[in-house]
Each structure stands twice: as C-alpha cells, then as structure tokens.
Amino acid sequence: MLDRDDLQLRALRQMAQRELAADILPFWEAHAFSAEGALRGGVTGRLEYVDELPRHAVLAARILWTFAAAAEALPEQRERLLATGQKAHDALTGPMWDSLHGGVFWSLGADGAVVDPRKQVYAQAFAVYGLARWARTTGDASALDRALWLAAALDSSARDREYGGYVEALARDWTPTERTALSERDPDVPKSMNTNLHVLEALTELLRASGDAAVRESLETLLRTTLEAILVEEPFPHCGLYFDESWERRDAGVSYGHDIEASWLLWDAWTALTEHGIEDPDLEWEAREAALGLAAAVRERGVDRDGAVMYAGTVEGPTDTDRHWWPQAEGVVGWLNAYAVGGRPEDRKAAIRAWDFIETHVVDRENGEWFARLDAQNRPLADDDGDLKMGPWKCPYHNARACLEVLRRIAAEPAYA
C-alpha cells in the first residue's frame, strides 16, 4: 500500500473512486446490453446504438471481469454490479461458447449466428480472465471449472513446448491455422507480445482464483519466456511485438501502451507466484528490473509534453502521437507500480500527471465514459474507431481496472468512530 498521508495520492484515490462509481460503471450498465439483456454491438460517442457490429467474446469477457472486480471493490453496489456481470457471463458461456469443441468463438452476428469461429488465443485468454475473476467474487464453482478447462485446452493445443509461449490462433477444432491476425492492423504471425501478455494476465488471475499447480507451472514458465524472448533490452527496455515460432522478431515497432501495461503485469505475475509458494531470487530480480526498466523507458520516450502517453513509435522515437484511452489508463497503474517497487519519485509524478491528463482531456463530461482516441492537439477523433464508446475494442476493462488498481494500491483514509 502506498502512503495515505501523501495528499496527492489521496486525491488521486478519491478521483479514481468517483470516476469508477459515477461515470464508467453507470455508462456500461446503461448502454452495454439491450432491455432484453443481449450484448449490443456498439455505442457511438453520441450514444447511438450500432447493432450491426459483431458481438465479440473479448468484449463480453472484459465486461465480465470489470463488473466482477468492481462488485468486490464496491460492496455497497455489489448486487447491482453483479446483475450486469451476470449478463456478460451468460453471453460468454451461452451463445459465445462453442458447445461442440469448447472455448469461445471470436465473434457472433447481431442475430446470434457465428461470424468467426476461430479459437483466437487472445479471446480464450480473456475468457479465462473474466471467468476466474467472476469465480473469485461470487464463488461460482462452475465458472472456475470452465476457466480451468479452458486454460488446460490452451496448454494442450496452443502452448509451444519447444520454444515457449503460446501461438496466436487455432481453428475452431483447436487444430493449427494460418489465419492468425488479431485484427486488420495486425500481421498473420505465429506469435505476438499482445496475445502472450494477456495469457500471462489470465493465468495470474486464474492462479489466484484456484491455486492450481498446473496453472502455477504455466504462469511461471510464461513469465520466464516473456522476460527472455519478448523483452528487448537495447537500446532501451521495450517489448517486441510480432515473432516467428522461435521468437525471431518480425517487426521493429514500439508500443508505449503495451510496454507500460507489461511493466506492471509482469510484476503482478511474479507477485501471484510468490503468493503460491514460488521462491526464486533470480526471477524476482528479472521481473523487478523489467517492471522498472519498461516504466522508465515509456516515461522518458513515450510521453508527450502535456503528459499524454503516445501510441506507437520505433527505437528512434514516436511515430504515432494520437492519444488512445487505454495507454493513459495503463500509465497510471504502471507508474504507481514502479513507484511502489522502486521508490522513484519520478514514477509517482508520472502517475499523477497521467491521471491529470485523463481528467482534463479523456473523460467525456457530456456523454459519459472516456473518448476512445484524441489527436495530438487533444481533440476527440470522430472517425469510425475514434467515435465508438463501446465496440469490439472499446471496453471498460482498461479504465475501470486503472481505477480499481488505484483503490487497491493507495491506502484508504482511516475510518474514525
């Protein structure tokens, strides 16, 4: 816990709690599902429903995780929040679940028909993540059993026993496929940092929910693989993005948002392992150095003069200075984590500055939630991607989780009788 006597951190905690309880969660309660309880396709910044968009399992899983975690953090709202979480749970384990082969489909149409049946490993990871968090909060044994089954399926079908890590995608029946790209912007490659980072995140959540020995082994092995194969040390710490089977890089890009997110997820994975009996000073040191190195590199190279986390670059510098909502959220958590781990005042300052940028520019004071994307002048973008408040990639997971992590990491003021 960070010091409750630090007035700036105390103010940050209060603002995060207010943003979570009064803005983010109410927006998704009001707009994510139809009156009949069906997941919507999308919502624009003007609060218009876009029901022709596909329904993605990733979005359902992220909503499930968000409302399960929030129900535990905000006990006075527990019953209401779990009601929304139940809708996401029912979508994920109902029409989105492959009753023939197990796992979740990538997407469904508005009519409920399967649009893309791939077993995208990224989507399976988020299903594990959401189900495990739901099980932790509610005690739902069937959700935990399903998450454990899915993690075992990933280990048997998607885990690379020779080179480590997990492949990008499989066909519906869990056999290999050459169609692996996560989105239209991603290449068809065997492995990516993004997918493996979120498998790591899911296994961390599942280990805390289950204490399962097989999950612990999978998590420890993936943490080592990430540190050895995905983390690039020179010319500064950053994560490679796309790889072949043996972890040779297929790109030269830098994703500032993924790097700051990885900085704290790597340390969180190590923390979960220690909670379940793993002792390894060398691995602890590697995870610590990765967390601090990535956080410092993004702080020094990926933040604009106004405090915004920029989107992408190369080792030479930024190439895309747009401000997407999710790197701002991850910046708050990543630098709070680095401050707790390393005690560097500049990380504390960066976390507070990141939240100030969010409050000033990213929160939509008129229509609620956060703008998806701003340009370099901090003007909300109104193209198809920038205008969506909810869609296949715009979700409550990054910003709600940032608020929840602030609440968890900064001690509450003591209650006086």
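If you look the protein chain up in an unreviewed UniProt entry, it shows as Cellobiose 2-epimerase from Demequina lignilytica. Of the protein chain, the UniProt comment under Catalytic activity (unreviewed entry) reads exactly: "D-cellobiose = beta-D-glucosyl-(1->4)-D-mannopyranose". Taken directly from UniProt, the Function (unreviewed entry) text for the protein chain runs: "Catalyzes the reversible epimerization of cellobiose to 4-O-beta-D-glucopyranosyl-D-mannose (Glc-Man)."

Draft legend 1. Summary view of the overall build of the protein chain. On a plain count of helices and strands, the protein chain comes out with 12 helices and 16 strands. Taken along the three principal axes of its C-alpha coordinates, the protein chain extends 55 × 50 × 50 Å. Residues counted as buried form 61% of the 417 residues belonging to the protein chain. Excluding contacts between residues fewer than 6 apart, the proportion of contacts in the protein chain whose partners are at least 24 apart in sequence is 68%. Averaging the coordinates of the 44 positive side-chain charges in the protein chain and doing the same for the 71 negative ones gives two points 3 Å apart.

Draft legend 2. Representation of the packing of aromatic side chains. In the structure shown here, the tally under the stated rule is 14 aromatic pairs. Ring geometry for Phe-243 and Trp-247: centres 5.0 Å apart, planes at 70°, overall edge-to-face. Here Phe-243 matches Trp-247 in class, with each residue buried. Clustering of aromatic rings is evident, with ring pairs tying together Trp-65, Trp-106, Tyr-122, Phe-126, Tyr-129, Trp-393 and Tyr-397. The residue whose ring lies beneath Arg-62 is Phe-126, and the NZ or CZ to ring-centre distance is 4.4 Å.

Draft legend 3. Focus on the nonpolar core. Residues Trp-28, Ile-63, Leu-92, Leu-223, Trp-335 and Leu-336 are the most contacted members of the largest nonpolar core, which totals 135 residues. Ranked by the residues each element gives to this core, the list is headed by helix α2 (residues 57-73), at 13 residues. In contact with Trp-335, not counting residues within four places along its chain, are Ile-260, Ala-295, Val-298, Arg-299, Val-303, Val-309, Asp-347, Ala-350, Ala-351 and Ala-354.

Draft legend 4. Up close: helix α3 (residues 78-93). Here α3 is 16 residues long and its end C-alpha atoms lie 21 Å apart, about the 22 Å a rise of 1.5 Å per residue gives. If you check which residues of α3 are buried, you get Leu-81, Leu-82, Thr-84, Gly-85, Ala-88, His-89, Ala-91, Leu-92 and Thr-93. In this structure, the buried side of α3 is in contact with α1 (7-31), α2, α4 (121-138) and α5 (141-157).

Draft legend 5. Broad picture of the packing of α4 against helix α6 (residues 193-210). It is at 8 Å that the axes of α4 and α6 come closest, and there the two elements cross at 20°. The angle between α4 and α6 places the two elements in the roughly parallel class. Crossing hand, α4 versus α6: left-handed. Here Val-121, Tyr-122, Ala-125, Phe-126, Val-128, Tyr-129, Ala-132, Arg-133 and Arg-136 of α4 lie close against α6, whose contacting residues are Asn-194, Thr-195, His-198, Val-199, Glu-201, Ala-202, Glu-205, Leu-206, Arg-208 and Ala-209. Here the residues of the contact of α4 with α6 are counted per class, giving 11 nonpolar, 3 polar and 5 charged.

Draft legend 6. Representation of the side chain of Asp-155. One can find Asp-155 in helix α5. Separated by 3.1 Å, the side chains of Asp-155 and Arg-159 make a polar contact. Ignoring sequence-local partners within four residues, the contact set of Asp-155 consists of Arg-161, Tyr-166 and Ser-218.

Draft legend 7. A look at α4. The first and last C-alpha atoms of α4 sit 26 Å apart over 18 residues, in line with the 26 Å expected at 1.5 Å per residue. Most of α4 is tucked away: 16 of the 18 residues are buried.

Draft legend 8. Examining the sheet that holds strand β12 (residues 312-314) more closely. Strand order across the open sheet formed by 3 strands is β11-β12-β13, with antiparallel pairing between neighbours. Two strands close off the open sheet at either side, each with one partner strand: β11 (253-255) and β13 (317-320). Ignoring which end each strand starts from, the neighbouring axes of this sheet average 40° apart. Alignment of β11 against β12, held across 3 bridges, turns out to be antiparallel.

Draft legend 9. Main features of the sheet that holds strand β4 (residues 114-116). Pairing is antiparallel across the open sheet formed by 3 strands, whose spatial order is β2-β3-β4. With partners counted over all chains shown, the strands left at the sheet margins are β2 (55-56) and β4, one partner each. Note that strand β3 (residues 107-108) and β4 share 2 bridges and pair antiparallel. Looking at the pairing, Leu-108 lines up with Val-114 of β4.

Draft legend 10. Quick look at the pairing of β13. The sheet contact formed by β12 and β13 spans 3 bridges and is antiparallel. Note that in β13 the partner of Ala-312 across the bridge is Asp-320. In this antiparallel pair of consecutive strands, β12 and β13, the connection spans 2 residues.

Draft legend 11. The arrangement of unusual backbone geometry in detail. For the bond running from Glu-234 to Pro-235, omega is 5°, close enough to zero to count as cis. Notably, Asn-378 is not glycine yet its phi reads approximately 65°, a positive angle. Relative to the helices and strands, Asn-378 is located in the loop between β15 (373-374) and β16 (388-390).

Draft legend 12. Representation of the pattern of salt bridges in the model. Overall, the coordinates contain 36 salt bridges when judged by the stated rule. In this structure, Arg-288 and Glu-289 form a salt bridge, with 3.1 Å as the shortest nitrogen-oxygen distance. Relative accessible area serves as the criterion here: at 25%, Arg-288 is assigned to the partly exposed category. Where salt bridges share partners, they join Glu-201, Glu-261, Glu-330 and Arg-401 into one cluster.

The rules behind these values
Residues numbered from 1 in each chain as written. Predicted model: local features only at pLDDT ≥ 70, side-chain atom pairs only at ≥ 80, totals over all residues. Heavy atoms only, no water. UniProt positions renumbered as here; feature names shortened; annotations may be inferred. Helix = DSSP H or I, 4+ residues; strand = E, 2+ residues; numbered from the N terminus. Buried < 20%, exposed > 50% of the residue type's maximum accessible area, 1.4 Å probe, protein only. Contact = heavy atoms within 4.5 Å. Lys, Arg positive; Asp, Glu negative; His and termini not counted. Charge placed at Lys NZ, Arg CZ, Asp CG, Glu CD. Phe/Tyr/Trp six-rings, centres within 6.5 Å; stacked < 30°, edge-to-face > 60°. Lys NZ or Arg CZ within 6 Å of the ring centre and 35° of its normal. Core = buried A, V, L, I, M, F, W, Y, C linked by side-chain atoms within 4.5 Å. Expected span 1.5 Å × (residues − 1). Axes fitted to C-alpha atoms, helices over the stretch in contact; angles between N-to-C directions. Parallel < 35°, antiparallel > 145°, perpendicular 65-115°, else oblique. Left-handed = near helix turned anticlockwise from the far one by under 90°. Nonpolar A, V, L, I, M, F, W, Y, C, P; charged D, E, K, R; others polar. Polar contact = N/O pair within 3.5 Å; in protein donor to acceptor, adjacent residues only side chain to side chain. Pairing = 2+ DSSP bridges. Salt bridge = Lys/Arg side-chain N within 4 Å of Asp/Glu carboxyl O.

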